[in-house]
Amino acid sequence: MNNEAYFLLFPPQSNFNIFPQNPPRFRGVLEELFVQMSKVGMLLESIINDCLGLPTNLLKELNDDRSWDFMVALRYLPASDGENNGIGEHQDANSVTLVIQDGVGGLQVRKNGEWIPVVPAEGTIVVNVGDVLQVLSNKKFKSATHKVVRTKERNKYSYVFFHNIRGDKWIEPLSQFTKDIGLPPKYIGFLYKEYQDLRMRNKTHPPSRSEDVIRITHYEI
Ligand SMILES: O=C(O)CCC(=O)C(=O)O
Ligand SMILES: [Fe+2]
């Protein structure tokens, strides 16, 4: 049995989305959510730009195409005895992720080797730094290691917005975190599309050995 169901949404103007007829408001609500999350993503990116001490709008100019963003509406079934895996431990490949979770809980983030529950709080959005920012900042900002554990009570719903970057962008540590400050890059450069494709392969052709799952360490120097 599949313990998770999801609805994948691309930018509303993309014409990729196929909506069910019912409930009738489904399309409008999700499209509106996408538009709002997209704005939050851009705002966060500009705040992160300043937190990293980068020249004004550097990340905005680098990440200037919103057509690679996507959102997933997720439903996790309740855990059964001895089986509670929702989404296994991972880091998001994209730039920055926004998570709206309901009151059920189950999202956990790893800090200093320990799993910390991200306790649901109404009206809040969880922000996860992804691999793109980790590489650009030469690991000054770390991609959050997280997972979802299913609880026994009831279904869990979440809306996850992936503020992404265009596939033909070359991703490598920025000079501000390397040669400008005399530090070696921690990653070789790569075409983002290649990494996203490798990550997709993890899902379509899961390797039998967990050490063969492609992560950002693939490009580590
Ligand atoms: O459903 C969640 O809370 C998180 C999902 C997630 O980490 C992902 O889709 O990458
Ligand atoms: Fe994730």
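This is a predicted model, so every value here is computed, not measured. (Residues numbered from 1 in each chain as written. Chains lettered and ligands numbered in written order. Predicted model: local features only at pLDDT ≥ 70, side-chain atom pairs only at ≥ 80, totals over all residues. Heavy atoms only, no water.)

Let's shift gears to the pairing of strand β5 (residues 107-111). With three bridges joining them, β5 and strand β8 (residues 146-149) adopt antiparallel strand pairing. Directly across from Q108, in β8, lies its bridge partner K147. Pairing between β5 and strand β6 (residues 114-117): four bridges, direction antiparallel. Paired with Q108 across the bridge in β6 is P117. The turn joining β5 and β6, which pair antiparallel and follow one another in sequence, is formed by two residues; a positive phi near 50° is taken by N112. (Pairing = 2+ DSSP bridges. Helix = DSSP H or I, 4+ residues; strand = E, 2+ residues; numbered from the N terminus.)

Turning to the pattern of salt bridges, a few remarks are in order. Applying the stated rule across the entire model yields 13 salt bridges. The closest approach of N and O atoms between D64 and K169, which form a salt bridge, is 3.6 Å. Of this pair, D64 sits in the loop between α2 (58-62) and β2 (70-76) while K169 sits in the loop between β9 (156-163) and β10 (170-171), placing them 105 residues apart in sequence. For D64, a relative accessible area of 49% gives the class partly exposed. With a closest N to O distance of 3.4 Å, K139 and E220 form a salt bridge. Taken together, the residues K139 in the loop between α3 (131-136) and β8 and E220 in the segment after α4 (192-204) connect sequence positions 81 residues apart. E220 sits in the partly exposed class, given a relative accessible area of 36%. Among the charged side chains, a network of salt bridges with common partners joins D64, D65, R166, D168 and K169. (Salt bridge = Lys/Arg side-chain N within 4 Å of Asp/Glu carboxyl O. Buried < 20%, exposed > 50% of the residue type's maximum accessible area, 1.4 Å probe, protein only.)

Here the focus is the coordination of the iron ion (ligand 2). Distances from the iron ion (ligand 2) to its protein donors, H90 (NE2), D92 (OD) and H146 (NE2), fall at 2.1 to 2.2 Å. We note that the donor set of the iron ion (ligand 2) lies within a single chain, spaced as H-x1-D-x53-H. The buried category is assigned to D92, whose relative accessible area is 6%. (Donors = N, O, S within 2.8 Å, 3.2 Å for Na, K, Ca; no water.)

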